[in-house]
Amino acid sequence: MLRHELQPGKLVAGTVLVLAGVLYAGDAGGAWQIPWFVAIPLVTGGLCLAGVVGFLTGRIRRRRTSGRTTTDEPGPDMTA
């Protein structure tokens, strides 16, 4: 199974957009009343937070990889 790296910025953005969708789905279904202008600060704030998280994640990963050194020895055989 191929592994992928965790991208917390995308996780935050997706969570905020799903939350906005759930709020407005509940409003459309009659479960509660949400003013129309709630989406603007919710989505904008969530995307700004996701951008900050993504930026910090990139800086941390760049800092970790720049300190590593390479060796001339081959790594483990991953063909199996």
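Above this text you will find the structure in question.
Basis of the calculations
Residues numbered from 1 in each chain as written. Predicted model: local features only at pLDDT ≥ 70, side-chain atom pairs only at ≥ 80, totals over all residues. Heavy atoms only, no water. Patch = residues over 30% accessible without salt bridge, like charges linked within 9 Å, V, L, I, M, F, W, Y side chains within 5 Å. Areas by Shrake-Rupley, 256 points an atom, 1.4 Å probe, with all protein chains shown as cover. Salt bridge = Lys/Arg side-chain N within 4 Å of Asp/Glu carboxyl O. Helix = DSSP H or I, 4+ residues; strand = E, 2+ residues; numbered from the N terminus. Buried < 20%, exposed > 50% of the residue type's maximum accessible area, 1.4 Å probe, protein only.

Asks: I keep staring at a nonpolar patch on the surface and nothing clicks. Help me out?
Replies: On the surface, Val52, Phe55, Leu56 and Ile60 cluster together into a nonpolar patch covering about 390 Å² of accessible area. Considering the arrangement of structural elements, one finds leucine 56 in helix H2 (residues 39–66). Overall, the relative accessible area of 46% leaves leucine 56 in the partly exposed class.

Asks: What exactly am I supposed to notice about the environment of leucine 47 here?
Replies: The topology assignment puts leucine 47 in helix H2. Of the residues examined, leucine 47 reaches a relative accessible area of 44% and is grouped as partly exposed. Each C-alpha atom of the pair leucine 47 and glycine 9 lies 8.7 Å from the other, and the pair is 38 residues apart in sequence.

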